[in-house]
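# Understanding the architecture of this molecule
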Amino acid sequence: MAASTTQYAYRAQKVHGRVGSGPDYGSLEAFEATARTFQYSPDGRYFGYALSDVVRVLQVDTPESTLVQEFAIPNIVELNFSPRSTFLSTWERPAKLEEGQQHKNLRVFSLATGSQLTSFTQKSQDSWDLQYTSSESHAIRLVGPEIQVFEPADWEKGIVDKLRVEGCSSVTLSPGLNPSLAVFVGEKKGAPASVKIYGLLTLASPPTCQKTFYKADRTQIKWNNLGTQVLVLTQTEVDKTNKSYYGETGLYLLSAAGNFDCRVTLDKEGPIHDFAWSPNSKEFGVVYGYMPAKAVLFDQRVRTLHDFGSAPYNFISFNPQARLIALAGFGNLAGQVSIFDRRTLQKVTTISAPNTSHCSWSPDGRFLLTATLSPRLRVDNGVKIWHCTGPLIHIQPIDELYQVSWKPFVGPPPVFPATIPTAPKPSSAAEAIVVSTPPVASDGVVKAYRPPGARGGATPSIFKREDEGGMKISPSGSPSSTPGPPGSGRYSRDGRDPRNGGHVNGNGMANGGRRYVPGAAPSPPIGNGNGHGSPSPGPKNNKKKKGKAGGPGGPGGGGAGTPPTGPGTPQESAGGEIALDAPVPVPVNAMRGNVPGLIAGVAGLNIPGVEDATVPPTPSEEGGNLDTVAKKVRNLTKKLKAIEELKEKAKRGERLEATQVRKMDGEADIRKELAALGGAGAT
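Residues numbered from 1 in each chain as written. Predicted model: local features only at pLDDT ≥ 70, side-chain atom pairs only at ≥ 80, totals over all residues. Heavy atoms only, no water.

### Quick look at the overall build of the protein chain
The condition that has to hold: Each helix corresponds to a stretch of at least 4 residues labelled H or I by DSSP, and each strand to a stretch of at least 2 residues labelled E; elements are numbered beginning at the N terminus. Note on exposure labels: buried denotes an accessible area under 20% of the residue type's maximum, exposed denotes more than 50%, and partly exposed covers the range between, all computed with a 1.4 Å probe on protein chains only. Each accessible area is a Shrake-Rupley estimate made with a 1.4 Å probe; only the visible protein chains count as cover when residues are assessed.
If you tally the helices and strands in the protein chain, you get 7 helices and 36 strands. Counting only residues that meet the buried cut, the protein chain has 42% of its 683 residues in that class. On the protein chain, roughly 36,000 Å² of surface is accessible, and the fraction owed to carbon and sulfur atoms is 52%.

Set out below in structure tokens:
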């Protein structure tokens, strides 16, 4: 009996059909026709598909399928069965009719008689079908701000009850014996959004539970199987904090009875990627946070049961028996699927299923179906079936695959064994793939490409994910600047070198004026007149060193003008000249605005073609502002140079303007001011 639960159906561009159970997975039916959609009934008895001009319903709970009904309706895009397979709903795109008549594009048929029972006008394809209770005693439909209630046993009665909620944008009917409605009203004119829960049989009464919140443009609502509690995921189109491209998200838990409601507090910043109820209705799982995301299991009172850690996940799914949990990363992630045992909370296996766009458990909870669908990807389309312990059981490549689905189990769901069963023998197609696939790394995971020069060594932590021991990523997307122990490999965009403590001076430079570049060879420290790479001493130390024998720049001098020695210093040739291809160090004083110190330092290097500086170092007074004095000396020197140029023009007989003559007359004042500052050229 368990083998019958592994049947599945597929739909491609030019063919659709059904595939039998393992271990052979042979084709049951294949139709060379383009189907627009297909659907199994919830109990697995019927299989319906829509062609361009007809809709057919087959009975598939017998060894040989039989045609039950055929509806000659063209252009059907969607179809769906009621919970007990009593009714079939179809939807086609709305069209304009003559004389202003409304197009009744949503139709409801009886599967027993094939007759049309009722029809409606439904413009939107989203949430197009009616929602039925589990017993099919009632059906609801949202029309504008009005929720309409019908009795499927007698469609001719029309609307038997209704509820009007201004601003209502979505409604979700709960399963269970006492059905309830979860109604969402979005934000409008500064008023907060809200979710209200009404009893289906007491719509005229006030809501049994309601929750208001901001930052909610749309919602995703999921009831547990008993219909007693509901999870509400709120989303905004735009994140005003600019931290997420997908907007802001929030998760709330509400009770249908109104005795409990709260926000699900998540301890990692970032979007909520996925959430799911366990089939036992007592716990749920959430995947949230910036990558690598966290996966946490909560109970029905939002108490943490287990933290699965951080990994590249954005998908969570429980098997129908609530025994196994699948955590995976699809879409733009690598497609790693981790399966955990709910009893032991230990990982059972890891499956590599890249490019997966559809993933679902089999009804018996032993197999996982992954598929690459078009138009998400138009290459490598096909179906893969994996056992819950990891082996690939079956593979079927299908060009331009659009849809795939398991066949629901007929009757009560099968019981999952106490111990996880072993994998059966794979199909011949899977065995052929395993034989032709080249071996991968010893841990079973295909490694990322590394160039030959980077092989054989440990991967730097800045290139690792957080869950692999790499650095933590801040919400802005940049590596965290949290200091770590020396050699920890943390990298910051402000230029810190993690290999020597990450010291950064006021100019945002590291290591004595040089910026740290990841992957580059370590640069030697820049000297500062004392043969070390530490920053230059302050004005007090400079004043003391100037009093030493030899003076600044002379033998034994240790001032700013003394050429540095030690590693990284340009080497002098025999003639006393410095090799031009050697790096020229920049005195640290120049980075602090000490222009005279820069000129003196350059003069002491004896570089050919560079004349001696004409501006000596400015006096270093206790507490004085060296930047202001240096700027004044520089400006006055520029003015004297401009006056000398004007004198040369006058000697050549060129005519000067009145402003230029006045500038020349002020030469004596400029020299006096320069002499007061102690600058050269005052004479």
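### Side note on the pairing of strand β33 (residues 367-372)
The condition is simple: In this analysis, strands are considered paired if DSSP registers two or more bridges between them.
Burial analysis of β33 places 6 of its 6 residues in the buried class, the great majority of the element. Residues F367, L369 and A371 line one face of β33 and the alternating positions L368, T370 and T372 line the opposite face, and both faces are buried. Pairing of strand β32 (residues 358-361) with β33 involves 4 bridges; the strand directions are antiparallel. Looking at the pairing, S360 lines up with L369 of β33. Where β32 hands over to β33, the hairpin turn is made up of 5 residues, of which G365 adopts a positive phi near 75 degrees. In this sheet, strand β34 (residues 382-387) lies alongside β33 in antiparallel orientation, the contact comprising 6 bridges. Counted as the bridge partner of A371 is V383 from β34.

### Considering the sheet that holds strand β3 (residues 27-31)
Within a sheet, each strand pairs with its neighbour through backbone hydrogen bonds, oriented either parallel or antiparallel. Condition: Every angle, taken between N-to-C directions, lies between 0 and 180 degrees, and every axis is a line fitted to C-alpha atoms, over only the stretch in contact when it is a helix.
Strand order in the open sheet formed by 4 strands is β3-β2-β1-β36, and the pairing between neighbours is antiparallel. In this open sheet, the two edge strands, each paired with only one partner strand, are β3 and β36 (401-406). Sheet twist, expressed as the average angle between the axes of neighbouring strands with direction ignored, equals 10 degrees. Pairing of strand β1 (residues 8-12) with β36, which is carried by 5 bridges, proceeds in the antiparallel orientation. By the bridge assignment, A12 is partnered in β36 with L401.

### A closer look at the environment of N225
The condition is simple: Side-chain atoms alone can form a polar contact between residues adjacent in sequence; in general such a contact is a pair of N or O atoms within 3.5 Å, and within protein one must be able to donate a hydrogen while the other accepts it.
Relative to the assigned elements, N225 resides in the loop between β20 (218-223) and β21 (229-235). Judged by relative accessible area, N225 falls into the partly exposed class, the value being 47%. Counting along the chain gives 54 residues from N225 to P279, while the straight-line C-alpha distance between them is 6.3 Å. Within the structure, N225 has its side chain in polar contact with the backbone oxygen of P279 (distance 3.2 Å).

### Brief notes about the confidence of the model for the protein chain
Rule in force here: pLDDT runs from 0 to 100 and stands for how confident the predictor is about each residue. Residues count as neighbours in contact if any of their non-hydrogen atoms are within 4.5 Å of one another.
The predicted model of the protein chain averages 77 in pLDDT, with 70% of residues at 70 or higher. Segment residues 481-513 is flagged for pLDDT under 50; beyond a separation of four residues in sequence, or across chains, it makes 58 contacts in the model. The low-confidence segment residues 527-625 (pLDDT under 50) makes 107 contacts with residues lying over four places distant or belonging to another chain.

### Focus on the sheet that holds strand β29 (residues 324-328)
Strand order in the open sheet formed by 4 strands is β28-β29-β30-β31, with antiparallel pairing between adjacent strands. Here the strands that pair on one side only, and so sit at the sheet edges, are β28 (315-318) and β31 (347-352). Sheet twist, expressed as the average angle between the axes of neighbouring strands with direction ignored, equals 15 degrees. As judged from the 5 bridges shared by strand β30 (residues 336-341) and β31, these two strands associate in the antiparallel manner. Residue pairing for β31: I339 is matched across the bridge by T349.

### Observations concerning the pattern of salt bridges
What counts is decided by this rule: The salt bridge criterion pairs a side-chain nitrogen of Lys or Arg with a carboxyl oxygen of Asp or Glu, the two atoms within 4 Å.
The tally for this structure, following the rule as stated, stands at 20 salt bridges. For E146, the salt bridge identified is with K162, shortest N-O distance 3.8 Å. Pair noted here: E146 is in strand β14 (residues 146-150) and K162 is in strand β15 (residues 161-164), with a separation of 16 residues, a long-range link. Relative accessible area serves as the criterion here: at 17%, E146 is assigned to the buried category.

### Topic: the packing of aromatic side chains
The line we're drawing: When two rings of Phe, Tyr or Trp (its six-membered ring) have centres within 6.5 Å they constitute a pair, described as stacked for plane angles under 30 degrees, edge-to-face for angles over 60, and tilted for the intermediate range. Any Lys NZ or Arg CZ found within 6 Å of a ring centre and within 35 degrees of that ring's normal is scored as a charge over the ring.
Counting across every chain of the model gives 15 aromatic pairs. Aromatic pair W277 and F284: ring centres 5.4 Å apart, planes at 65 degrees, arrangement edge-to-face. F284 shares its class with W277; the two are buried. Ring pairing ties together the aromatic residues F31, F38, Y40, F47 and Y49, which thus form one cluster. Sitting above the plane of the F275 ring, K222 keeps its charged end 4.5 Å from the centroid. The ring of F260 is capped by R301, whose NZ or CZ atom sits 4.5 Å from the centre of that ring.

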